[in-house]
Amino acid sequence: MSASKVYALSPIASFETVGDGAVILLGDSGQLYSCNDTSEAFLRNVDGQRSIDEIARLMESEYDVALETLIGDLNELAAELESEGIIVSAE
């Protein structure tokens, strides 16, 4: 997976901030997911325009981790979210 890859929220997914966290609802299955801080911050920035690299640079100030590590973590998160149908490639 490439740091230049661009993702968008799936048309069947709804992402909402709720209290101190966030949830994702998949409309086709009714599956509900809760988000940790990292996935919430990532999904807030997934807009079909920004690449993983750009999102990592935006998130870098929020996390005490090297940029390369954050990019790797976000690539893994994106692969997981894509496999669940939460995000889709915007390319």
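See the structure above.
Fair warning: this is a prediction, and the values are worked out from it, not measured in the lab.

Thoughts on the sheet that holds strand E2 (residues 13-18)
Sheet architecture is open: three strands sit in the order E2-E3-E4, paired in antiparallel fashion. Because the sheet does not close on itself, it has two edges, and the strands there are E2 and strand E4 (32-35). Direction aside, the axes of adjacent strands within the sheet are offset by 20° on average. In the sheet, E2 pairs with strand E3 (residues 21-26) via six bridges, with the strands oriented antiparallel. Within the sheet, the bridge partner assigned to Ser14 lies in E3 and is Leu25.

Some points on the packing of helix H1 (residues 37-45) against helix H3 (residues 67-83)
Two numbers describe how H1 lies on H3: the axes approach to 11 Å, and their chain directions differ by 80°. Judged by the angle between their axes, H1 and H3 are roughly perpendicular. From H1, Thr38, Ser39, Phe42 and Leu43 reach across to H3, where they touch Leu74, Leu77, Ala78 and Leu81. Residues belonging to the contact of H1 with H3 are distributed by class as follows: six nonpolar, two polar and no charged.

So, helix H2 (residues 52-59)
Restricting attention to buried positions, one finds in H2 the residues Ile52, Ile55, Ala56 and Met59. Angular distribution of buried residues about the axis of H2 spans 100°; they occupy a single face of the element. Buried residues along H2 sit in contact with strand E1 (7-9), H1 and H3.

Structural notes on the pattern of salt bridges
A complete count under the given rule lists four salt bridges for this structure. Between Arg50 and Asp47 there is a salt bridge; the shortest N-O distance is 3.5 Å. Classification of Asp47 by relative accessible area gives partly exposed; the value is 36%. Close ionic contact of Arg57 with Asp53 constitutes a salt bridge, the shortest N to O distance being 3.1 Å. Pair noted here: Arg57 and Asp53 are both in helix H2, with a separation of four residues, about one helical turn.

Thoughts on H1
Along H1, the positions that sit buried rather than exposed are Ser39, Glu40, Ala41, Phe42, Leu43 and Asn45. Between a side-chain oxygen at the N-terminus of H1 and the backbone nitrogen of Thr38 the separation is 3.1 Å; the capping residue is Asn36.

Conventions used here
Residues numbered from 1 in each chain as written. Predicted model: local features only at pLDDT ≥ 70, side-chain atom pairs only at ≥ 80, totals over all residues. Heavy atoms only, no water. Pairing = 2+ DSSP bridges. Helix = DSSP H or I, 4+ residues; strand = E, 2+ residues; numbered from the N terminus. Axes fitted to C-alpha atoms, helices over the stretch in contact; angles between N-to-C directions. Parallel < 35°, antiparallel > 145°, perpendicular 65-115°, else oblique. Contact = heavy atoms within 4.5 Å. Nonpolar A, V, L, I, M, F, W, Y, C, P; charged D, E, K, R; others polar. Buried < 20%, exposed > 50% of the residue type's maximum accessible area, 1.4 Å probe, protein only. Arc of directions from axis to C-beta. Salt bridge = Lys/Arg side-chain N within 4 Å of Asp/Glu carboxyl O. Polar contact = N/O pair within 3.5 Å; in protein donor to acceptor, adjacent residues only side chain to side chain.

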